[in-house]
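One letter stands for each residue in the lines below.
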Amino acid sequence: MRDPYALRTSLASALDALPAPERFPEAPDADAARRLAERLRRDLLPRLGSADAPLLLVAIAGPNNVGKSTLFNALVGAALSPARPEGGLTKQCLAAAHPETWTGPLKEFLTRRYDTMPVASGDAAPVDQPGPPGRLYLVLADAVPRGLLVMDTPDFDSVYRDNRERAEALLVTVDVLVFVVSRQTYQNAALVDFLRAAVGHGRPYLLVYNEATREEVARGHLDKLAADVGHPPMARYLAPHQPDVEAGLKPLATEPLDGRPPLAALLGQAEHARELKARALEASLADARAELEVVARAASRSAQEPDRLRQRLRHELNGVGAQAALKAVPADVLIDAFRDELDARSNFHKWVRLPFRGLATALTFVSRKVRQSFTGPEPEGAQTPTLAVDESMKDGVRKLVDAFAPEVAAWRGDAATRAKLAEAFGPATLGKLEEPLGFETLHAHAADRATLYAFCRELVAAELQGGMREELLQALTTLVYSVPSGAAAAVTVATGGFGHDAVVWAGTLLSTPLMERFVDLLGAQVRARVTRKWADAHGATLARALETRFFSDVLGHLDGLTQDWTQTAARLDETRASLS
């Protein structure tokens, strides 16, 4: 047996997680979310809030001008609801109950479920005027049995969509549905769909066939309707055609079929109420399970679009960063790793080469200063590797803004996200590109260089196989060790290969190219793999910087949106599982 407290806690959690219906991009999903919210707020949570629901809630529903208000007036024993031949007069829900209903726990029970508006004795309820869903005008009448509340609902097939929403908001809360049909409406497709949705998971319902002329015809029509709905009604009733009723001279009279009790007795006697309420609770839980599944799937779908956008944007930024990183691959890291790995594998050659380190460094410094004395400093605005990286990133962001413009136009979700997308991929971002990027510290990123160095050490170690080739490399490296690794700093492999700029900067025409050729002896793909590694590692660093500089707001919003929808789907699925 279910624990009512645990059920209530789980359902309250689902209601708390449920987004507003207007946040769902698709109209059917929004409608499902609205029905689920109404069911949880107005039906299940109040129903599970007490050990025994103190009122049997009965709603009279049906299509336009079928006699719902006439039946309501007959059940409550007074002409409370407007009933005229033109029909369509009821735009809000009118309810009738015994005066004791509006006292103590019964009053509290009603106010938890509905926006209840008591109608003073002798006054007419303004149910012919529009109002909000969930509003209930309550008339107190001694003729209504204790423990029973009867509602007259708006037409579900009205041309006014608001009427249907008001009817649905109330029908999800009731214990028993009394559905009124006639020979003109019993096989209407919209009527069948509406009734199936209202009672399809086992909610108790009764069928009243109004203006019946022949019993066998009415039985056939009711059989057809029950078959279309999917499960039979608890009882069926005929209301023969009665001119005096149509003229307002007599109340509507109903006759039970199949040996069932009279309609007033079935609804008004306490012996039937407990069974009806128990069946209504099980049906409402089954409805909630189905709606939770539908809305959870809708929430998952709603998470897909912001998730796709954020993934695409980050992927494009990584591409921009990788392309920019290729403009300045640090060749010295590979040569450092090559030399260090050779040193680690031969102590003899290491100690032979050691005295040359200080001398080589000094010579490199002197040669650079001598070159600068002849050529002077680089002119401002010269195309340096650093400037090439910045220009590559700016160009990449411009292309990215153009590529995402259709995404802004195609967005079907909430307006707040659309506004952030329009700002991120519009003139504001393009204007920022006219300013310096301010990424100077990233061009010599220590962590990326350390990552590349570790990769190069592993790569060199894997390629060195020992034997005569390694001994030859050790000997040749010792001969040219006077060239320091710093001589090849900031060299671009993408535009000229290892060492071309280092030859000029270090002032030597022999040793650095020789070192590069030694590296090439390790394998044809070594330098290409190092280049790819730098593009991946440093490109990711540049991509994160671009995200922070230009797209942090929109990506943070998309991250939050995706997380919210995903968490909503998970909580709704968890609640659905607890109802199984």
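This structure is a prediction, so every number in the text was calculated from the model and none was measured.

What counts and how
Residues numbered from 1 in each chain as written. Predicted model: local features only at pLDDT ≥ 70, side-chain atom pairs only at ≥ 80, totals over all residues. Heavy atoms only, no water. Pairing = 2+ DSSP bridges. Helix = DSSP H or I, 4+ residues; strand = E, 2+ residues; numbered from the N terminus. Contact = heavy atoms within 4.5 Å. Axes fitted to C-alpha atoms, helices over the stretch in contact; angles between N-to-C directions. Expected span 1.5 Å × (residues − 1). Buried < 20%, exposed > 50% of the residue type's maximum accessible area, 1.4 Å probe, protein only. Right-handed = clockwise from strand over helix to strand, strands pointing away. Polar contact = N/O pair within 3.5 Å; in protein donor to acceptor, adjacent residues only side chain to side chain. Phe/Tyr/Trp six-rings, centres within 6.5 Å; stacked < 30°, edge-to-face > 60°. Lys NZ or Arg CZ within 6 Å of the ring centre and 35° of its normal.

Caption draft 1: Summary view of the sheet that holds strand β5 (residues 148-152). Strands sit in the order β3-β4-β2-β5-β1-β6-β7-β8-β9 across an open sheet of 9 strands; the sheet is mixed. Where the open sheet ends on each side, the last strands, each with one partner, are β3 (115-119) and β9 (255-256). As paired elements, strand β2 (residues 93-97) and β5 share 4 bridges and run antiparallel to each other. Within the sheet, the bridge partner assigned to L94 lies in β5 and is D152. Sheet contacts for helix α6 (residues 189-199): β6 (176-181) and β7 (205-212); angle to β6, the most-contacted strand, approximately 170°.

Caption draft 2: Quick peek at helix α11 (residues 331-345). In this model α11 runs 22 Å from its N-terminal to its C-terminal C-alpha over 15 residues, within 8% of the 21 Å that 1.5 Å per residue would give. With 11 of 15 residues buried, α11 lies mostly within the body of the structure.

Caption draft 3: Representation of the pairing of strand β8 (residues 235-240) within the structure. β8 sits mainly inside the fold: 5 of its 6 residues count as buried. At this point the chain moves from β7, through helix α7 (residues 215-229), to the parallel β8, and the crossover so formed is right-handed. As paired elements, β8 and β9 share 2 bridges and run antiparallel to each other. Pairing of Y237 across the sheet is with P256, part of β9.

Caption draft 4: Focus on the side chain of S81. Take S81: it is sitting in the loop between α3 (68-76) and β2. A polar side-chain atom of S81 sits 3.1 Å from a polar atom in the side chain of S69. Of note is the side chain of S81, whose polar atom sits 2.6 Å from the side chain of D152.

Caption draft 5: Structural detail: the packing of aromatic side chains. As enumerated under the stated definition, the model contains 5 aromatic pairs in all. An aromatic cluster of at least three residues, connected via ring pairs, comprises F404, F425, F550 and F551. R312 extends its terminal NZ or CZ atom over the ring of F404, reaching a point 4.2 Å from the ring centre. Directly above the ring of F550 sits R549, whose terminal nitrogen or CZ lies 5.2 Å from the centroid.

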